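Per-entry structural report
Below are the chains, spelled out letter by letter.
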Amino acid sequence: MQLKGKHILLGITGSIAAYKAALLTRLLVKEGAEVKVIMTSSARQFITPLTMATLSRNPILVEFFDPENGQWNSHVSLGLWADLYLIAPASANTISKMAYGIADNLLLTTYLSARCPVMVAPAMDLDMYAHPATQQSMKVLRERGVRIVEAASGELASGLDGKGRMEEPEKIAAEVMSLLRKPGTLTGRRALVTSGPTREAIDPVRFISNHSSGKMASAIADELARRGAAVTVVSGPASVYPSCPGVEVRKVISAGEMYEATVEEYGKGCDITVLCAAVADFTPACPSGTKIKKDGNRMTMELVPTKDIAAAIGAHRRREGVIAGFALETDHARENALSKLSRKNMDMIVLNSMQDPGAGFGVDTNKVTIFRRDGSFQDVPLESKPEVASAIVDNIEQLLGGSEGC
Ligand code: PMT
């Protein structure tokens, strides 16, 4: 009964995969969840409200009010009631409306009112799934913290073969359990996460930087916060920031500023420190105070090393608490990562290789190996960054097991 006492709002949209919502509901109820179902009017063409009402043991909600007795179905109170809003199957139409804040039915208005985590399991034909409009909408939702259960590949209702099938109910139920069963395990812990790129000024209009978006670090910060930790993020100029309420974000620009802010935050006492930022290793020795003009000649710029934040924290670390670093490598990945783990005196290091498609900078997915100081390691296959974050935080929790809070 992993979902005992949990309130799950299940949104069903018009898709042939709606039949799978019946089994999904049974699985959630079997695990102890209370399930309320909202259907769009087209969803009723694919599965009957009677089936869903019987399996969920609750009346089905479709309209803003019940035409029979005038009872008002408040999207606001539904959004507040839920511990999770799961939309499965989610059609291309609904996903795009969610991305743009269109609220022309009960399912969508409730999405805009929901304060709980939201999970979406898309279902559609392969070309609709691959269409830039759908992909862009899913990207917008991901950046807002919505958990997307990637569609599976296989035979589709159209007879075509490809990616677009709604993931199987067992897999979706497992994701729901992993999302909902963890809150609270890090209550009372303080966590510090570094995120994003840094910018090293060359002159007032130019800088040296890198492609870090802040997605990986934000997913980790959100996961730590969801499990109850008080989280502070020191972030360079990223394109994505944590979405979990309560996560404190300290914005910095340069490696020097990130060093000062991170060392100061660590000094306040941290149980968990995750150094995920892509910090510049070099900075211009003498940035120009005015815009450097081109004169047709080559230009040489002297760079000096920045201070290594991870090494400084590792050198002055408290005995208790967990320090996790990252290593982004192009070659000799394992040796380099293990060397950083020991040189920087960390407890674990997360290696992502630039050789792996779909991993590293900017993308929504990552593929990593987590090395621990005791020699053990875990390969995490290509998954969404929130799922990789969950695996990283699981490792942190295991290492914290024997460690006292500060
Ligand atoms: O932000 P995304 O687009 O989601 O991409 C995620 C990511 C690829 C940036 C992330 O997963 C990642 O790999 N971050 C670390 C990138 C990096 O700088 O690796 P590194 O091998 O150069 O550094 C090793 C470790 O030392 C890192 O923990 C780094 O934060 C730290 N470091 C490096 C230099 C420095 N001056 N201070 C540091 O603390």
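Quantities reported herein were computed from a predicted structural model and do not represent experimental measurements. (Residues numbered from 1 in each chain as written. Predicted model: local features only at pLDDT ≥ 70, side-chain atom pairs only at ≥ 80, totals over all residues. Heavy atoms only, no water.)

Comments concerning the site of the ligand
Around the ligand lies a shell of 29 residues, among which Ser212, Ser213, Leu275, Lys340 and Gly362 are the nearest. One of the side-chain nitrogen or oxygen atoms of Ser212 is found 2.7 Å away from an oxygen atom of the ligand. Ala277 places a polar main-chain atom, nitrogen or oxygen, 2.7 Å from an oxygen atom of the ligand. A total of 780 Å² of accessible area belongs to the ligand in isolation, and the protein chains cover 96% of it. For the shell around the ligand, a count of residues per class yields 13 nonpolar, 8 polar and 8 charged. (Near = heavy atom within 4 Å. Polar contact = N/O pair within 3.5 Å; in protein donor to acceptor, adjacent residues only side chain to side chain. Areas by Shrake-Rupley, 256 points an atom, 1.4 Å probe, with all protein chains shown as cover. Nonpolar A, V, L, I, M, F, W, Y, C, P; charged D, E, K, R; others polar.)

What about the packing of helix α9 (residues 215-226) against helix α13 (residues 385-400)?
Remark: α9 packs on α13, axes separated minimally by 8 Å, with the N-to-C direction vectors making an angle of 55°. On the basis of their axis angle, the class for α9 and α13 is oblique. Pair α9 / α13 crosses with right-handed handedness. Residue-level contacts link Lys215, Met216, Ala219, Ile220, Glu223 and Leu224 of α9 to Lys385, Pro386, Val388, Ala389, Ser390, Ile392 and Val393 of α13. Of the residues belonging to the contact of α9 with α13, the class tally is 9 nonpolar, 1 polar and 3 charged. (Axes fitted to C-alpha atoms, helices over the stretch in contact; angles between N-to-C directions. Helix = DSSP H or I, 4+ residues; strand = E, 2+ residues; numbered from the N terminus. Parallel < 35°, antiparallel > 145°, perpendicular 65-115°, else oblique. Left-handed = near helix turned anticlockwise from the far one by under 90°. Contact = heavy atoms within 4.5 Å.)

Quick word on the domain arrangement of the protein
Accessible area lost on assembly of the parts is the figure often given for the size of an interface. Domain boundaries assigned for the protein yield domain 1 (7-180) and domain 2 (190-400). For domain 1 and domain 2, the distance between their C-alpha centroids amounts to 35 Å. Counting from both sides, the interface comprises 9 residues of domain 1 and, opposite them, 8 residues of domain 2. Between domain 1 and domain 2, the buried area comes to about 770 Å², and carbon and sulfur atoms account for 46% of it. (Domains from an automatic or database assignment. Buried area = accessible area lost by both parts, 1.4 Å probe.)

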